[in-house]
Amino acid sequence: MDQSLDVNPDEMCREALRIYHGQGTSVDFPEAVRLFRVAAESGCVEAWGHLARLSSFFFTGVAVEEHRLQAALVKWRLDADNGNLDALVYLGFCFANGVGVPKDAAEAVRCLRHSADKGHYVARYNLGVCYANGIGVRQDHDEAIRLYKLSAESEYAYAQNNIGYCYQMGHGVRKDLTEAVRYFKLASAQGYGIAQYNLGSLYEDGVALPKNIDEAVRLFRLSTAQRYKAGQFRLGLCYLKKIGVDWNPERAAHLFRLSADQGYTHARSALSDALRARSRLNWSTKRHGYMRNRLGRDRVVAVLLCHSKLSLSLEGALPHMPIEAWLLILEQLSLRDLDGNYWTLY
């Protein structure tokens, strides 16, 4: 029995927020979503609003009906009028992203600034994002990095990651990859999936860090566990291109599909490559099974095929090798003609 069901739904919602923001614990997006969902289904109005907010940029698997979102907005407005700084942050996010309300960048900045001026570290981070991207204000990387650093004083992983990105790109500060790595590591250690992806990319590329494919794959796995779309994509590439893992086009296709479902454009084209590779693997496996059953373990007859247009049996004096050796050679050999058709040796 799930002990969480015995907890007050409002308390569960607060616990979900604590886990989502990494307050005194590691960031754990899937667990936060689970707790929000249980809290919402147990009667917490705010939890539905948080699920709607998260669904605007992450795949949560939870559909939030409009009337539930509007009920959450009503509560946040009442709380904001009573001076609740958290509610102002939630409203600011909704106005910035058009969640349950028409997009209103100026109103988003007003809500966030009011809360940030009173020291709210999440508001400072979000206001920094507005300055970095020119949302409701004139783009100002200097002000963005100032707000991120104020937010990071509370060890907020989201802000630490953005500071790392600023140092990586030279936005508002002098480009400094050593500092970028330091901040990415701070945020990654708190379980923040985007920072884990950023750090993993540096390890894979050997930029500012010794090249370490094993560590890169480990970090991409952690990022994927947090449902970060770029992490899913990068881990998929590892499986498709045999980077630190065994070749597995089926696993790659699954990861690309997860990433594409979250709107990651690079994953869409990669998905078709993975599906083609998986199709060739499945076809090859069937042919190999047929050859094993028909020819035994000593010899193999190779058949050259091209989209079923040509079938030539290359029978004759083939070297005597174990069939496993032949299958390995045949599996790796794939040629493409001038028209782009695949000629695969089975």
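Residues numbered from 1 in each chain as written. Predicted model: local features only at pLDDT ≥ 70, side-chain atom pairs only at ≥ 80, totals over all residues. Heavy atoms only, no water.

Q: Lay out the overall build of the protein with the relevant residues and their values.
A: Scanning the protein from terminus to terminus reveals 16 helices and 4 strands. Within the protein, counting contacts between residues at least 6 apart in sequence, those at least 24 apart form 47% of the total. Accessible surface computed for the protein: about 17900 Å², of which carbon and sulfur atoms make up 51%. (Helix = DSSP H or I, 4+ residues; strand = E, 2+ residues; numbered from the N terminus. Contact = heavy atoms within 4.5 Å. Areas by Shrake-Rupley, 256 points an atom, 1.4 Å probe, with all protein chains shown as cover.)

Q: Could you give an account of the nonpolar core, naming the residues involved and the relevant values?
A: By size, the foremost hydrophobic cluster in this structure holds 102 residues, and its most contacted members are Phe 36, Trp 76, Tyr 148, Tyr 192 and Phe 256. If sequence neighbours within four positions are ignored, Tyr 148 has contacts with Tyr 125, Gly 128, Val 129, Ala 132, Ala 159, Asn 162, Ile 163 and Cys 166. (Core = buried A, V, L, I, M, F, W, Y, C linked by side-chain atoms within 4.5 Å. Buried < 20%, exposed > 50% of the residue type's maximum accessible area, 1.4 Å probe, protein only.)

Q: Can you lay out helix H12 (residues 213–225) for me, pointing to particular residues and giving the numbers?
A: Compared with an ideal rise of 1.5 Å per residue, which puts 13 residues at 18 Å, H12 spans 18 Å between its outermost C-alpha atoms and is within 8% of the ideal. Along H12, the residues that are buried comprise Ala 216, Val 217, Leu 219, Phe 220, Ser 223 and Thr 224. For H12, the angular spread of buried residues about the axis comes to 165°, placing them on one side. Buried residues in H12 make contact with helix H10 (177–189), helix H11 (193–205), helix H13 (229–241) and helix H14 (249–261). Near the N-terminus of H12, the side chain that reaches the backbone nitrogen of Asp 214, with its oxygen 3.3 Å away, is that of Asn 212. At the C-terminal side of H12, Arg 227 shows a positive phi close to 65°. (Expected span 1.5 Å × (residues − 1). Arc of directions from axis to C-beta. Polar contact = N/O pair within 3.5 Å; in protein donor to acceptor, adjacent residues only side chain to side chain.)

Q: Explain the confidence of the model for the protein to me, using residue names and the numbers behind them.
A: Within the protein, residue pLDDT values average 83, and 78% of them lie at 70 or more. Low pLDDT, under 50, characterises residues 283–346; the predicted model gives this stretch 86 contacts beyond four residues in sequence or across chains. (pLDDT = per-residue confidence, 0-100.)

Q: A description of unusual backbone geometry should follow, citing residues and the corresponding values.
A: At Glu 155, a position not held by glycine, the phi torsion is positive, near 60°. Mapped onto the secondary structure, Glu 155 falls in the loop between helix H8 (141–152) and helix H9 (157–169). On the basis of relative accessibility, which here comes to 56%, the residue Glu 155 falls in the exposed class. Notably, Arg 227 is not glycine yet its phi reads approximately 65°, a positive angle. Relative to the helices and strands, Arg 227 resides in the loop between H12 and H13.

Q: Kindly report on the environment of Asn 84, identifying the contributing residues and their values.
A: Tracing the chain through its elements places Asn 84 in the loop between helix H4 (66–81) and helix H5 (85–97). Linking Asn 84 and Ser 115, residues 31 residues apart in sequence, is a C-alpha distance of 8.7 Å. At 2.9 Å, the side chain of Asn 84 forms a polar contact with the backbone nitrogen of Ala 87.

Q: Could you give me a rundown of helix H1 (residues 9–21), with the residues and numbers involved?
A: For H1, spanning 13 residues, the distance from its first C-alpha to its last is 18 Å, which sits close to the expected 18 Å at 1.5 Å a residue. Of the residues making up H1, those classed as buried are Met 12, Cys 13, Ala 16, Leu 17, Ile 19, Tyr 20 and His 21. Against the buried residues of H1 lie helix H2 (29–41), helix H3 (45–55), H5, helix H7 (121–133) and H9. Gly 22 sits one or two positions beyond H1 and adopts a positive phi of about 70°.

Q: Give a detailed account of the packing of aromatic side chains, specifying residues and quantitative values.
A: Taken as a whole and assessed by the stated rule, the structure comprises 14 aromatic pairs. When the centroid spacing of 6.0 Å and the interplanar angle of 10° are considered together, the rings of Tyr 167 and Tyr 183 count as stacked. You can see Tyr 167 sitting in helix H9 and its partner Tyr 183 sitting in helix H10, a full 16 residues away along the chain. The pair Tyr 167 / Tyr 183 is uniform in exposure class, with both members buried. With a centroid separation of 5.6 Å and an interplanar angle of 65°, the aromatic rings of Tyr 197 and Tyr 228 are classed as edge-to-face. Taken together, the residues span a long stretch of sequence, with Tyr 197 in helix H11 and Tyr 228 in the loop between H12 and H13 at a distance of 31 residues. With a relative accessible area of 14%, Tyr 197 lands in the buried category. By relative accessible area, which is 16% here, Tyr 228 ends up buried. Every member of this aromatic cluster is reached through a ring pair, and the members are Tyr 20, Phe 29, Tyr 121, Tyr 125, Tyr 148, Tyr 156, Tyr 158 and Tyr 192. Its guanidinium or amino end placed over the ring of Phe 93, Arg 53 lies 5.1 Å from that ring's centre, counting from NZ or CZ. Residue placement shows Arg 182 over the ring face of Tyr 183; its charged tip is 4.6 Å from the ring centre. (Phe/Tyr/Trp six-rings, centres within 6.5 Å; stacked < 30°, edge-to-face > 60°. Lys NZ or Arg CZ within 6 Å of the ring centre and 35° of its normal.)

Q: Tell me about the packing of H1 against H3, residues and numbers included.
A: The N-to-C vectors of H1 and H3 enclose an angle of 25°; their axes lie 10 Å apart at closest approach. On the basis of the axis angle, H1 is roughly parallel to H3. Here the hand of the crossing between H1 and H3 comes out left-handed. Across the interface between the two elements, Cys 13, Leu 17 and Tyr 20 from H1 touch Glu 46, Ala 47, His 50, Arg 53 and Leu 54 from H3. Grouping the amino acids of the contact of H1 with H3 by side-chain chemistry returns 5 nonpolar, 1 polar and 2 charged. (Axes fitted to C-alpha atoms, helices over the stretch in contact; angles between N-to-C directions. Parallel < 35°, antiparallel > 145°, perpendicular 65-115°, else oblique. Left-handed = near helix turned anticlockwise from the far one by under 90°. Nonpolar A, V, L, I, M, F, W, Y, C, P; charged D, E, K, R; others polar.)

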